[in-house]
Amino acid sequence: RSFKAVHRWPANISKCPQGTSLSQQECLNEKLEFSIEENFANPTNLMENNEDSIPCGCYIRGSTNYFNAATSECGSSDDSFPICTAPNDVRMSSCEKGNKNQIFHYESDTEAITTSIYPTFCLALDESSKNIHLEECNDDNNNQKWYGSGKTIQNRASPTMCMGMHQSSRSLRIYTCQTGQIGWNQQFSGKDKHCTVEYSEVAAEPFGNSTK
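Residue positions are counted from 1 within each chain, in the order its sequence is given. Per-residue local features are limited, in this predicted model, to residues with pLDDT of at least 70; the limit for side-chain atom pairs, both in listing and counting, is 80 or more; totals at the level of whole chains, interfaces and linings are taken over all residues. Water and hydrogen atoms were dropped before computing side-chain values, which therefore reflect all heavy atoms in the structure.

**A short note on the overall build of the protein chain**
In plain terms, the rule: Helix and strand definitions follow DSSP, with helices as H or I runs of at least four residues and strands as E runs of at least two, each counted in order from the N terminus. Only heavy atoms enter the contact rule, under which two residues are in contact if any of them lie within 4.5 Å. Working definition of accessibility: Shrake-Rupley area with a 1.4 Å probe, residue cover restricted to the visible protein chains.
On a plain count of helices and strands, the protein chain comes out with one helix and 15 strands. Considering only contacts within the protein chain whose residues lie at least 6 apart along the sequence, 52% involve residues at least 24 apart. A total accessible area of about 11,000 Å² is found for the protein chain, and carbon and sulfur atoms account for 43% of it.

**Considering the packing of aromatic side chains**
Rules: Pairing of aromatic rings covers Phe, Tyr and Trp, the last counted by its six-membered ring, and requires centre-to-centre distances within 6.5 Å; plane angles under 30 degrees mean stacked, over 60 mean edge-to-face, and any other angle means tilted. Burial classes follow relative accessibility: with a 1.4 Å probe on protein chains only, a residue under 20% of its type's maximum area counts as buried, one over 50% as exposed, and anything between as partly exposed. Look at NZ for Lys and CZ for Arg. If either is within 6 Å of the ring centre and within 35 degrees of the ring normal, a charge sits over the ring.
The tally for this structure, following the rule as stated, stands at one aromatic pair. Consider the rings of Y59 and Y66, whose centres lie 5.4 Å apart with planes at 15°: the pair is stacked. Here the two residues Y59 and Y66 agree in accessibility, since each one is buried. Stacked on the ring of Y147, the Lys or Arg R156 has its end atom at 4.0 Å from the ring centre.

**Here's the deal with the state of the cysteines**
For clarity, the cut-off: By convention in this document, the label disulfide applies to cysteine sulfur atom pairs within 2.5 Å.
The full count for this structure, using the stated rule, is five disulfides. At a sulfur-sulfur separation of 1.8 Å, the disulfide partner of C56 is C74. The disulfide joining C56 to C74 has a torsion of about -95° about its S-S bond and is therefore left-handed. In this pair, C56 sits in the loop between β2 (31-34) and β3 (57-61) while C74 sits in the loop between β4 (64-68) and β5 (81-85), placing the two residues 18 residues apart along the sequence. The exposure class assigned to C56 is buried, which follows from its relative accessible area of 6%. Looking at C74, the relative accessible area reads 22%, which means it is partly exposed. In this model, C162 is linked to C177 through a disulfide, with the two sulfur atoms separated by 2.0 Å. Across the disulfide from C162 to C177, rotation about the S-S bond amounts to roughly 95°, and the bridge is consequently right-handed. Taken together, the positions of C162 in strand β13 (residues 158-165) and C177 in the loop between β14 (172-176) and β15 (194-197) put the pair 15 residues apart, joining distant regions of the chain.

**A few points about the confidence of the model for the protein chain**
The following threshold applies: The predictor's confidence in any single residue is recorded as pLDDT, a number from 0 to 100.
Predicted confidence across the protein chain gives a mean pLDDT of 75, with 73% of residues reaching 70 or more. In the predicted structure, residues 36-42 sits below a pLDDT of 50 and forms 20 contacts with residues beyond four places in sequence or in another chain.

**What to know about the side chain of N68**
Heads up, the condition is: We call two N or O atoms a polar contact when they sit within 3.5 Å, provided that within protein one can donate a hydrogen and the other can accept it, with sequence-adjacent residues counted only if both atoms are side-chain atoms.
Note on placement: N68 falls in strand β4. A distance of 3.1 Å separates a polar atom in the side chain of N68 from the backbone oxygen of P55.

**Focus: the sheet that holds β14**
Put simply, the rule is: DSSP-based pairing: two strands are paired if at least 2 bridges between them are found.
With antiparallel pairing, four strands are arranged side by side in an open sheet as β11-β12-β13-β14. Strand pairing shows two members of the sheet lacking a second neighbour, β11 (146-147) and β14, which therefore form its edges. Both β13 and β14 contribute to a ladder of five bridges, which runs antiparallel. Residue pairing for β14: M165 is matched across the bridge by L172.

**Some remarks on the pattern of salt bridges**
What counts is decided by this rule: By definition here, a salt bridge exists when the distance from a side-chain nitrogen of Lys or Arg to a carboxyl oxygen of Asp or Glu is within 4 Å.
Tallied over the entire structure, the rule returns two salt bridges. Between E111 and R156 there is a salt bridge whose closest N-O contact spans 2.6 Å. Of this pair, E111 sits in the loop between β7 (104-107) and β8 (112-115) while R156 sits in the loop between β12 (154-155) and β13, and the two are 45 residues apart along the sequence. Look at R156 and you get buried, because its relative accessible area is 19%.

**Details of the environment of F188**
Checked against the element boundaries, F188 lands in the loop between β14 and β15. Given the relative accessible area of 5%, F188 is considered buried. Between the alpha carbons of F188 and G164 there is a distance of 8.4 Å; along the sequence they are 24 residues apart.

**Concerning the nonpolar core**
Proteins that are soluble and globular tend to have nonpolar side chains buried together. Put simply, the test is: Take the buried Ala, Val, Leu, Ile, Met, Phe, Trp, Tyr and Cys residues and link them wherever side-chain atoms come within 4.5 Å; each set so joined is a nonpolar core.
In this structure, L123, W146, M163 and L172 are the most contacted members of the largest nonpolar core, which totals 24 residues. Once residues within four sequence positions are removed from consideration, M163 is found in contact with L123, I132, W146, I153, L172, R173, I174, N185, Q186 and F188. Listed in part, the eight residues of the second largest apolar core include V6, L22, L28 and I60.

If you want it as structure tokens, here you go:
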């Protein structure tokens, strides 16, 4: 039987982030392999219409998966958790003032970068692909620990590498640190032309130094 790797997202959101939703067939017919939580058996419930206080799309309540076919007027509740595919790689996009999807917070104690809209998720480095994505925060995971000086951001798991933007895809990746014009795509601030879509202005707060 095939498995589909998914994340259980926080209960206070009403639907999966763009590009991470499960189809009805995936939600109800696949055995879902949660990245952190235990596996749950194949679900048998299908919500054909929207009702108050339930997320749109695939979600879990208790130990049962449900699918709400509604696409608008989605709700949320403390006991209903959207089920989404592993978060997409973080990309850059034009900045929008007041957009909470573009606000990051740096946690100096844990060196984690969290998001305003998903505060329990952290920026993390995938060492195999070198891409940067969101995953549930884990204080012991060096792939989620970031530091830097000036406008560069580095990762504890790969201290000689710097966060940078891929020029064509605008996705965030990790590169060998460069200075000057060569490293133009490794310079970050809240005043740049582009911001990280879904996730934020990475220089909103001071970053820790490399001596920690």
